Protein chains: 10
Amino acid sequence: MNRAALTDLILAAKRRKKLSWAKIAAKVGRAPTWTTAALLGQMTMSQSEAEAAANILGLGKEAVDLLQIVPYRGSLPTTVPTDPLIYRFYELIQVYGTTWKELIHEEFGDGIMSAIDFDMTLERQPDPKGDRVKIVMSGKFLQYKKY
Amino acid sequence: MNRAALTDLILAAKRRKKLSWAKIAAKVGRAPTWTTAALLGQMTMSQSEAEAAANILGLGKEAVDLLQIVPYRGSLPTTVPTDPLIYRFYELIQVYGTTWKELIHEEFGDGIMSAIDFDMTLERQPDPKGDRVKIVMSGKFLQYKKY
Amino acid sequence: MNRAALTDLILAAKRRKKLSWAKIAAKVGRAPTWTTAALLGQMTMSQSEAEAAANILGLGKEAVDLLQIVPYRGSLPTTVPTDPLIYRFYELIQVYGTTWKELIHEEFGDGIMSAIDFDMTLERQPDPKGDRVKIVMSGKFLQYKKY
Amino acid sequence: MNRAALTDLILAAKRRKKLSWAKIAAKVGRAPTWTTAALLGQMTMSQSEAEAAANILGLGKEAVDLLQIVPYRGSLPTTVPTDPLIYRFYELIQVYGTTWKELIHEEFGDGIMSAIDFDMTLERQPDPKGDRVKIVMSGKFLQYKKY
Amino acid sequence: MNRAALTDLILAAKRRKKLSWAKIAAKVGRAPTWTTAALLGQMTMSQSEAEAAANILGLGKEAVDLLQIVPYRGSLPTTVPTDPLIYRFYELIQVYGTTWKELIHEEFGDGIMSAIDFDMTLERQPDPKGDRVKIVMSGKFLQYKKY
Amino acid sequence: MNRAALTDLILAAKRRKKLSWAKIAAKVGRAPTWTTAALLGQMTMSQSEAEAAANILGLGKEAVDLLQIVPYRGSLPTTVPTDPLIYRFYELIQVYGTTWKELIHEEFGDGIMSAIDFDMTLERQPDPKGDRVKIVMSGKFLQYKKY
Amino acid sequence: MNRAALTDLILAAKRRKKLSWAKIAAKVGRAPTWTTAALLGQMTMSQSEAEAAANILGLGKEAVDLLQIVPYRGSLPTTVPTDPLIYRFYELIQVYGTTWKELIHEEFGDGIMSAIDFDMTLERQPDPKGDRVKIVMSGKFLQYKKY
Amino acid sequence: MNRAALTDLILAAKRRKKLSWAKIAAKVGRAPTWTTAALLGQMTMSQSEAEAAANILGLGKEAVDLLQIVPYRGSLPTTVPTDPLIYRFYELIQVYGTTWKELIHEEFGDGIMSAIDFDMTLERQPDPKGDRVKIVMSGKFLQYKKY
Amino acid sequence: MNRAALTDLILAAKRRKKLSWAKIAAKVGRAPTWTTAALLGQMTMSQSEAEAAANILGLGKEAVDLLQIVPYRGSLPTTVPTDPLIYRFYELIQVYGTTWKELIHEEFGDGIMSAIDFDMTLERQPDPKGDRVKIVMSGKFLQYKKY
Amino acid sequence: MNRAALTDLILAAKRRKKLSWAKIAAKVGRAPTWTTAALLGQMTMSQSEAEAAANILGLGKEAVDLLQIVPYRGSLPTTVPTDPLIYRFYELIQVYGTTWKELIHEEFGDGIMSAIDFDMTLERQPDPKGDRVKIVMSGKFLQYKKY
């Protein structure tokens, strides 16, 4: 079994057991964003996290092992995503990419926002004109080293 | 003069006058993220916004007109961005794209987060282990219509 | 079974049972365009819609579950479609894309036509010089938010 | 002057003279969709249409000639459009492409909807929940020849 | 069985039975170019054509059904064909594409040669300096509609 | 002046002088297909052919030189052509490519149709149901050498 | 079994039987370059060549048939080869492509070196500073036909 | 002036002065293949070579300097070459790439043919059935280092 | 079994036996970088190296054979790597590629750093501000041959 | 003047003044790798560094300003580099990418080597079998944050 096969297995088990990501994350003891990413093959679990996940999903020993292996990351089948929900984020890069660059450099100087020392939450923001998706990202600023 | 030429002109004027995006945005009367995006050719200004921007940057009449034209959006020269700061956001899509999809569908059902009815802030988050870039995005949830 | 495999199964069942999309849509209680898209893995059915579809097509329990899962959208094997019927729509974008942009902005201001709050019909338009395909699309206009 | 340069000239003249596409189309005597496409370098005008357009836009003799030359069609700078308004149409192909194929074949047999013997209107559809963009396309059905 | 699998089956049967395309076409009652294209998954057969083909090739009921389904067209594994014989045709487009455009427009005005209402023959042209491949294509001229 | 600039010059001169390719070809003394291709930068003229072309088009000495230089061939701005007239030929390769391969191999054995020792005519084929474009291609069969 | 599967089979048999391409070529009675290309699915064998190859490699009847079928040529999995040995040849095209063009045109006029009426040897060239790979290519010059 | 502009200048000078590459190479004192590649921006000349080339071509001091700068190599405008003469070499890689790999490894073990410690000649090979282009390549074998 | 399947097998065996690359390399008697690359299908082992590797990993005879076959190199599934760790190296090429070119040419003249006669170490560099990854690469300088 | 134009200016000044990168770096007071990257538009200089560089190269006030602007990084004209020296580094990623991933994860756990908190030296390593290019890279290990 490889990691992609395990992801399919996890999705099928979740569907069959009618579990939510929120519930699985509570058992694993991590944030729902991180836990979902880990189970979709993008983050690496510790032994106890992997066992908790396997337990609630009904997965075997090989799955527990595989969830602890650092995955080859990258979850999308095409360079430009075709799925409308995911594409909107690509569109944000096209529209706001240079804006992020200008404003981060103005505030912090030359460097980047880390995508490794990074965390994120995603929640519902009630709004009378229609509820909104609120995403808060926080990444450590990393300065370009001079030498 | 086309829009790309105007963007170069704006960047040169800002550099020469040692202005910050924050200061320009205050004069325009809009958020720094929106104002920067507009001046980089990704949003459309009203007459008074365009005049305020042209005033502080020292731009002429044609610039005022061009800033009110809806632009052809998309600010990046390559499909996958080469600039490290901007690439990190593409990487987030590769790593978290399917996670966003799962969690938004779990919370809201089938639909997307709008990139049009959308706003965003970007700020410094002080942290003893190194300050962080904090980005808060808020987009209206749009449900797929059934018919 | 994944969603792509289910789509193949649906096409085979439809062929074997000599059903039409129109007839299936009538049983499902939705428009033929929406129903066909849903069965081809592009829309999400409710429990009762999925059961009606499974019933007429002779599909099992797993299919009923899968039809209720939000799919990863995007139904074409190549970036530029090779099938002549589908390519003609890509050609329309190449020829009329900037025209749509100009006319929608002229009528509505800066924003887009939603592809989510969207519906469509497709019908035969009799014509003595040869019948025509008539497609009526209707999408909510979404205005770019200023902030 | 080549055709792309003429398109820029037309857009600048329209902006300077504060003309609308609807008004230009009325002078040319053609539908707004067709006239806009023609002036954006996608359709070929007759002598009198070109003269009417040049007249209202204040263009010279070379422009009149160029508007009568069959253009090299294709108005987008990238294979997948980056502009959000135009992208939504590409997304419709990704989501509905196979649906169009199934329904046209079910109704008409093997063939395509012509993108040449084709016409289109675009109008505002008032709606209490937010006005909608309504696009009506009509293309002759062309049957695959057997031989 | 999907259409690609059927194509492999057809090629294997033809090889095993040492049939020629010419002979199969004679049984099907269509031109060799059309018949070969149909059996390679690019055209749609009628019931009687499919039965004749299945009969001579020794194919079963499912094959007869599949040959009557409109296929998703496009027979090449890469955007630019790698096979030398097929590449030469791509090269002709690179070398003669703009010539075809100029000459068809000069003779017919603005429009295209149909690839749907289209037929073709391919034959050996004896020549003392080496026999030649002669291809005659005939496609209906379709005029761009003005509206 | 490079070859691309010369091509623009030739098109402008032809437009201004209201010449047809047929007339230019008659002066050059070659077939219209070959002459058009040569003037569009895809074939190499002899001194006398170049002088005849320059004479009728009113071009100078540098043009006469450039028309005798072997060009870097390939006349299309994108890998998949966006212009509908030229695209139809690409579509023919997608639909008929494997058919050409099968039938040429069946008739001639392993080899290709030359795109170098090649000639072509393009003419109007009157038809009561609408005139047709008739293209006759003839290329020497080249057999793969065994060694 | 398709041709790609046969190639894998041939490589495995050669490995198991510890055969060299030189030895196989001697049995087949063709040059090692041609024989290797044929067994890797790029050339077409005669009945007796296929039988000789199958005999030494221990392949069955279907393999003998397949080796006589004209293959769909093109042996590389990516447009730009990733394997260092093969990439060096792509690099030669990038560095020397325009040089070949200039020198062949200077010597022969307008035309190409055939890749069909073509042969090649590859041998070791002893050299005190390190042995060299010597490749001799010979392709018939084909002149562009004028008409 | 950059290197690309110099290449255009060199080609124009060569054309105007009716020089051949062979004659220029003789003056430079290097092989025609190397000299042509150098003047087309793919190799680096010494001071005296650059002066000899500039002398015969009538180029100035800046050209002499530029010819001594190591160029950014890669002379083709597209990943897959569109020019038929150059494409044939790309086709050879597609057809013979894996053959070269097998035969070089069989003869030399694991390593590559250098494209740096490399030389080449190109000459006419008279043949009663039509003269041939003969290319002899010689590259040092480089063994993969083990460590 | 092909080489890709063997790589999966090796990764599974290493995981099951809880081996480290360092330990495997010690048994094989080569550097960890080289050994890891070899087992991931990028280098060729000798008989004794392959046997040592197979021994510690518990692989069979076919694996021993396959490890001695020169592989088709190239270990990444996309042209631009999506995995963040590997992407950083691609980013280094984007940022430092032209710097390497300038500095190597300044120090050595025209030529390249070999990627064949090449070795590398990778180690932990303790640092109070956070440990660092230290990579030392050493490749033979290869001078462009003049001829 | 934009940054690309400044890079050309810098290269021309360096050539004219016969400066070396080492000498410029000594004046700027930074390592040669960093200084070269900065002058090639990949790093951001401080005011005093920019002035020192402008002084030795003879550049004006606008250059001093531009050298202090954070650049849009990415110095290569194609996704896969065509220049042989730079390509070798891309090849190293293809051959060693997964090895780096395995060994860094084995030594450090899940995370990456920073390309931002990163430094590098490049030097000549004398060797009797031919001098070698030695590159030492050092990047901070960044651990994936769990949350």
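Residues numbered from 1 in each chain as written. Chains lettered and ligands numbered in written order. Predicted model: local features only at pLDDT ≥ 70, side-chain atom pairs only at ≥ 80, totals over all residues.

Trainee: Is there a simple way to think about the overall build of chain A in this case?
Mentor: Looking only at helices and strands, chain A features six helices and two strands. Ordering the α and β elements of chain A from the N terminus gives α-α-α-α-α-α-β-β. If you line up chain A on its principal axes, its C-alpha atoms span 50 × 50 × 30 Å. The 147 residues of chain A split such that 54% are buried. Within chain A, contacts between residues separated by at least 24 positions form 51% of all contacts whose residues are at least 6 apart in sequence. (Helix = DSSP H or I, 4+ residues; strand = E, 2+ residues; numbered from the N terminus. Buried ≥ 20, exposed ≤ 12 C-beta atoms within 10 Å, placed from the backbone. Contact = placed C-beta atoms within 7 Å.)

Trainee: Can you help me understand helix α3 (residues 32-39) of chain F in this one?
Mentor: In an α-helix, one turn spans 3.6 residues; hence positions three or four apart end up facing the same way. Taking burial as the measure, the eight residues of α3 of chain F include eight buried ones, the bulk of the element. Among the residues of α3 of chain F, those classed as buried are Pro32, Thr33, Trp34, Thr35, Thr36, Ala37, Ala38 and Leu39 of chain F. Against α6 (84-108) of chain E together with α1 (3-16), α2 (21-28), α4 (47-57) and β1 (111-125) of chain F lie the buried residues of α3 of chain F. The first or second residue beyond α3 of chain F is Gly41 of chain F, which carries a positive phi of 85°.

Trainee: So what exactly am I meant to see when it comes to the relation of the copies chain G and chain H here?
Mentor: For the pair of chain copies, the relating operation is a rotation around an axis with a shift along it. The two copies are related by a screw operation: chain G maps onto chain H through 180° of rotation and 0.0 Å of translation along the axis, at an RMSD of 0.0 Å. Such a combination of turn and shift is consistent with a two-fold rotation axis. Relative to the rotation axis, the closest C-alpha in chain G is found at Val136 of chain G, a distance of 2.2 Å. (Least-squares fit on C-alpha atoms with pLDDT ≥ 70 in both.)

Trainee: Sorry if this is basic, but what is going on with the pairing of strand β1 (residues 111-125) of chain G here?
Mentor: Regular strands have side chains that alternate between both faces of the sheet. Residue and element names in this part refer to chain G. In this structure, β1 lies alongside strand β2 (residues 132-143), joined through 11 bridges in antiparallel fashion. Bridge pairing in β2 places Gly111 opposite Gln143. Between the antiparallel neighbours β1 and β2 lie six residues, among them Gly130 with a positive phi of about 125°. (Pairing = 2+ DSSP bridges.)

Trainee: Please clarify how the environment of Leu40 of chain J should be interpreted in this entry.
Mentor: Turning to its location among the elements, Leu40 of chain J is positioned in the loop between α3 (32-39) and α4 (47-57). For the pair formed by Leu40 of chain J and Ser20 of chain J, sequence separation is 20 residues and the distance between their alpha carbons is 14 Å. Setting aside anything within four residues of it in sequence, one finds Leu40 of chain J in contact with Thr98 and Thr99 of chain I together with Thr7 and Ser75 of chain J.

Trainee: Would you mind going over the sheet that holds strand β1 (residues 111-125) of chain C with me for this structure?
Mentor: Strand-to-strand pairing in sheets goes through backbone hydrogen bonds, with the strands running parallel or antiparallel. Pairing in this open sheet of four strands is antiparallel, and the strands run β1(C)-β2(C)-β2(D)-β1(D) from one edge to the other. Edge positions in the sheet fall to β1 of chain C together with β1 (111-125) of chain D, since each has one partner strand and no second. In this sheet, neighbouring strand axes are inclined to one another by 20° on average, regardless of whether the strands run parallel or antiparallel. Docked against the sheet, helix α6 (residues 84-108) of chain C engages β1 and β2 (132-143) of chain C together with β1 and β2 (132-143) of chain D, running at close to 20° with respect to β1 of chain D. (Axes fitted to C-alpha atoms, helices over the stretch in contact; angles between N-to-C directions.)

Trainee: Even after reading the chapter, I still don't get the interface of chain A and chain B, so can you show me in this structure?
Mentor: Interface size is commonly expressed as the accessible area that is lost once the parts come together. Opposite the 57 residues of chain A that make contact, chain B presents 57 residues. Secondary structure elements with two or more residues in the side of chain A that touches chain B: α3 (32-39), α6 (84-108), β1 (111-125) and β2 (132-143) of chain A. The element that contributes the greatest number of residues to the side of chain A that touches chain B is α6 of chain A, accounting for 22 residues. Looking at the side of chain A that touches chain B residue by residue, the classes come out as 29 nonpolar, 15 polar and 13 charged. Relative to strand β2 (residues 132-143) of chain B, β2 of chain A is paired through nine bridges, and the arrangement is antiparallel. The residue of β2 of chain B that forms the bridge with Ser138 of chain A is Lys134 of chain B. (Nonpolar A, V, L, I, M, F, W, Y, C, P; charged D, E, K, R; others polar.)

Trainee: For this particular structure, what's the right way to read the packing of helix α2 (residues 21-28) of chain C against helix α4 (residues 47-57) of chain C?
Mentor: Axes are the key here: two packed helices are described by the angle between their axes and the distance separating the axes. All names here are of chain C. Between α2 and α4, the least distance of the axes is 8 Å, while the angle of their chain directions is 135°. By the angle class used here, α2 and α4 are oblique. In this structure, α2 meets α4 at a crossing whose hand is right-handed. Facing α2, whose interface residues are Ile24, Lys27 and Val28, α4 presents Glu49, Ala52, Ala53 and Ile56. Tallied by class, residues from the contact of α2 with α4 come to five nonpolar, no polar and two charged. (Parallel < 35°, antiparallel > 145°, perpendicular 65-115°, else oblique. Left-handed = near helix turned anticlockwise from the far one by under 90°.)

Trainee: I keep staring at unusual backbone geometry and nothing clicks. Help me out?
Mentor: Keep in mind that most residues, glycine aside, have a negative phi and that most peptide bonds are trans. Residue and element names in this part refer to chain B. Not every positive phi belongs to a glycine, and Lys18 is a case in point at roughly 50°. Among the structural elements, Lys18 can be located in the loop between α1 (3-16) and α2 (21-28). With 8 C-beta atoms counted inside 10 Å, the residue Lys18 sits in the exposed group.

Trainee: What is the right way to look at the domain arrangement of chain A in this model?
Mentor: What the domain assignment lists for chain A is domain 1 (3-66) and domain 2 (84-143). For domain 1 of chain A versus domain 2 of chain A, the distance between C-alpha centres works out to 26 Å. (Domains from an automatic or database assignment.)

Trainee: What's the story with the relation of the copies chain A and chain B in this structure? I'm lost.
Mentor: In screw terms, the move from chain A to chain B is a rotation of 180° and a rise of 0.0 Å along the axis, fitting with an RMSD of 0.0 Å. When you check the interface residues of chain A against chain B, 100% turn up at the interface there too, and the contact is symmetric in its surfaces.

Trainee: Can you help me understand the interface of chain G and chain H in this one?
Mentor: Taken together, the contact pairs 56 residues of chain G with 57 residues of chain H. Where the side of chain G that touches chain H is concerned, the elements lending two or more residues are α3 (32-39), α6 (84-108), β1 and β2 of chain G. Broken down by element, the side of chain G that touches chain H gets its largest block of residues, 22 residues, from α6 of chain G. Taken together, the residues of the side of chain G that touches chain H break down into 28 nonpolar, 15 polar and 13 charged.

Trainee: Just checking my understanding: could you explain the sheet that holds β2 of chain G for this structure?
Mentor: An order of β1(G)-β2(G)-β2(H)-β1(H) is seen for the four strands of this open sheet, with the pairing classed as antiparallel. At either end of the open sheet lies a strand with only one pairing partner, and these are β1 of chain G together with β1 (111-125) of chain H. Between one strand axis and the next, the sheet turns through 20° on average, direction left out of account.

Trainee: I'm lost on the environment of Tyr90 of chain D in this one. Help?
Mentor: By the element assignment, Tyr90 of chain D lies in helix α6 (residues 84-108). Overall, the presence of 22 C-beta atoms within 10 Å leaves Tyr90 of chain D in the buried class. Separated by 10 residues in sequence, Tyr90 of chain D and Val80 of chain D have C-alpha atoms that sit 7.4 Å apart. Those residues in contact with Tyr90 of chain D, other than ones at most four positions away along the chain, are Ile93 of chain C together with Val80 and Pro81 of chain D.

Trainee: Help me understand helix α2 (residues 21-28) of chain J, please; the structure alone is not making it clear to me.
Mentor: By the burial criterion, the buried members of α2 of chain J are Trp21, Ile24, Ala25 and Val28 of chain J. Along α2 of chain J, the residues classed as buried sweep out an arc of 100° about the axis, all on the same side. Buried residues belonging to α2 of chain J abut α6 (84-108) of chain I together with α3 and α4 of chain J. Immediately beyond the C-terminal end of α2 of chain J, within one or two residues, lies Gly29 of chain J, with a positive phi of roughly 85°. (Arc of directions from axis to C-beta.)

Trainee: Whenever I open this one, the confidence of the model for chain A confuses me. Can you help?
Mentor: Detailed reading of predicted coordinates is not advised where the pLDDT is low. Residue and element names in this part refer to chain A. Here chain A shows a mean pLDDT of 96. Residues at 70 or above account for 100%. Mean pLDDT values for the elements of chain A range from 94 in helix α1 (residues 3-17) up to 98 in helix α4 (residues 47-57). Note on the complex model: pTM 0.94, ipTM 0.94. (pLDDT = per-residue confidence, 0-100.)

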